[in-house]
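Coordinate inspection notes
Chain by chain, the residues:
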Amino acid sequence: MFSERLKRLTPYVPGEQPQDREYLKLNTNENPYPPCPGIADLLRTFDTERLRLYSDPVCGRLRERIARKHSLLKEQVFVSNGSDEALSFCFYAFFDSLYGRLLFPEYTYSFYPVYCDFYGITYERIPLDREFRVDLDGFLKKGDGSCGAIFANPNAPTGTYLALDRIVWFLENYHREKIVVIDEAYIDFGGESAAALLGQFQNLVIVRTFSKGMSLAGLRLGYTLTDKELIKALFTVKDSFNSYPADTLSQLIGEIAIEDDLYYAKIREKIIATREYFSSELERLGWFVLPSRANFVFVSKEGIPGKDIYLKLKEKGILVRHFDVEGIKDFVRITIGTRDQMARLLSVATCLFP
Ligand SMILES: *Cc1c(COP(=O)(O)O)cnc(C)c1O
């Protein structure tokens, strides 16, 4: 017997990880560079005896270090098993159809509607503006009938970015008692974090991940920055679900990664430089490239359906992401790898799509 709940679920589909051959994987926005070197040192000397005991359920040390990095209090930080888990807890804790519909962009992280269905939250998709940016004017127009808002900055899968003054303007004009979640999964690649606004807006929630900028997608670690009372609510959700979502090793590794600003700044600069190189080369070859502040670009080539681009590149051993969704079918999303990887893609693309 299956529950009625289960029958109603439509799960999120992550980017494929095919095992049939070796691919150049540019489909899930993983970082091409290794995590900071201190992590390897930790793993070499780690005393497995520590695994006998449960992990710290409140992630005290890691939260302290994250707080220090952002000049916040530890009580303003929540640590989760990937940022997906934090997002899920935010949906559970902060959005309720009783008060209106949740607002998010028409083309955005496809987990948002999945969580809405999971928790029974009604939602409204706000079209992007003509430049494919998140349209905060559109959000405001629907503000009265909403129970809150969520958007990613930079947005996924478009890579488009909103400057901080736009976000301030939105927060000043949106309802102060309704919660606004900003998903900053890609903020490290040239954007400015809204974390600086937390003192000013108590309804602001920022969700971040170790997966992209910190090269730790396989670790499953994310964090949330917000007001103390909202953090307490996230703990209530966590402790009603799983006391130990972040294991001991993840917490230790996170503590090392969050401190190594120098290393991570270096690899981010490399990715940004490669993104600019790759974008201008693609444009030179006649492609349309949306301006991106993320570690991926959203691109199209006139006359070639996105699905064909995806399939032909896959045949050549290169994986990119195509979304079979009306309105963005012409596009593919390409993760920025190393400069050599992108040069290889450029030469393959030159042959396939002259
Ligand atoms: C990758 C991604 C996340 C999730 O990352 P985790 O690996 O779960 O931390 C969240 N939001 C967006 C927009 C993403 O692209």
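One structure accompanies this document, and this report is about it. All figures in this text were calculated on a predicted structure; none of them were measured in a lab.

Moving on: the sheet that holds strand 9 (residues 288-289). Read across the sheet, 3 strands follow the order 9-10-12 without closing on themselves; strand pairing throughout is antiparallel. Across the chains shown, the open sheet's two edge strands, defined by having one partner strand only, are strand 9 and strand 12 (332-335). With 2 bridges connecting them, strand 9 and strand 10 (residues 296-300) associate as antiparallel partners. Bridge pairing links F288 to S300 in strand 10.

A few words on the packing of aromatic side chains. One pass over the structure, following the stated rule, counts 27 aromatic pairs. Relative to F111, the ring of Y12 has its centre 4.3 Å away and its plane inclined at 15 degrees; by these criteria the two rings are stacked. Linking Y12 in the loop between helix 1 (4-7) and strand 1 (24-25) with F111 in helix 5 (residues 111-119), this pair joins segments that are 99 residues apart in sequence. You can call F111 buried: its relative accessible area is 16%. One aromatic cluster is present, formed by Y12, F91, F95, F104, Y109, F111, Y112, Y115 and Y123 through successive ring pairs. Sitting over the face of the ring of W169, R166 holds its NZ or CZ atom 4.4 Å from the ring centroid. In this structure, R339 is placed above the aromatic ring of Y277, and the distance from its NZ or CZ to the ring centre is 3.8 Å.

Below, the discussion takes up the packing of helix 4 (residues 82-94) against helix 5. Between helix 4 and helix 5, whose axes approach to 10 Å, the crossing angle comes to 45 degrees. In terms of orientation, helix 4 lies oblique with respect to helix 5. For helix 4 against helix 5, the interelement crossing comes out right-handed. Together, D84, L87, S88, F91 and Y92 of helix 4 and F111, Y112, Y115, C116 and Y119 of helix 5 make up the contact between the two elements. Taken together, the residues of the contact of helix 4 with helix 5 sort by class into 8 nonpolar, 1 polar and 1 charged.

Rules and cut-offs
Residues numbered from 1 in each chain as written. Predicted model: local features only at pLDDT ≥ 70, side-chain atom pairs only at ≥ 80, totals over all residues. Heavy atoms only, no water. Pairing = 2+ DSSP bridges. Helix = DSSP H or I, 4+ residues; strand = E, 2+ residues; numbered from the N terminus. Phe/Tyr/Trp six-rings, centres within 6.5 Å; stacked < 30°, edge-to-face > 60°. Buried < 20%, exposed > 50% of the residue type's maximum accessible area, 1.4 Å probe, protein only. Lys NZ or Arg CZ within 6 Å of the ring centre and 35° of its normal. Axes fitted to C-alpha atoms, helices over the stretch in contact; angles between N-to-C directions. Parallel < 35°, antiparallel > 145°, perpendicular 65-115°, else oblique. Left-handed = near helix turned anticlockwise from the far one by under 90°. Contact = heavy atoms within 4.5 Å. Nonpolar A, V, L, I, M, F, W, Y, C, P; charged D, E, K, R; others polar.

Note that every value here comes from positions in space, so none of it alone points to a role or purpose.
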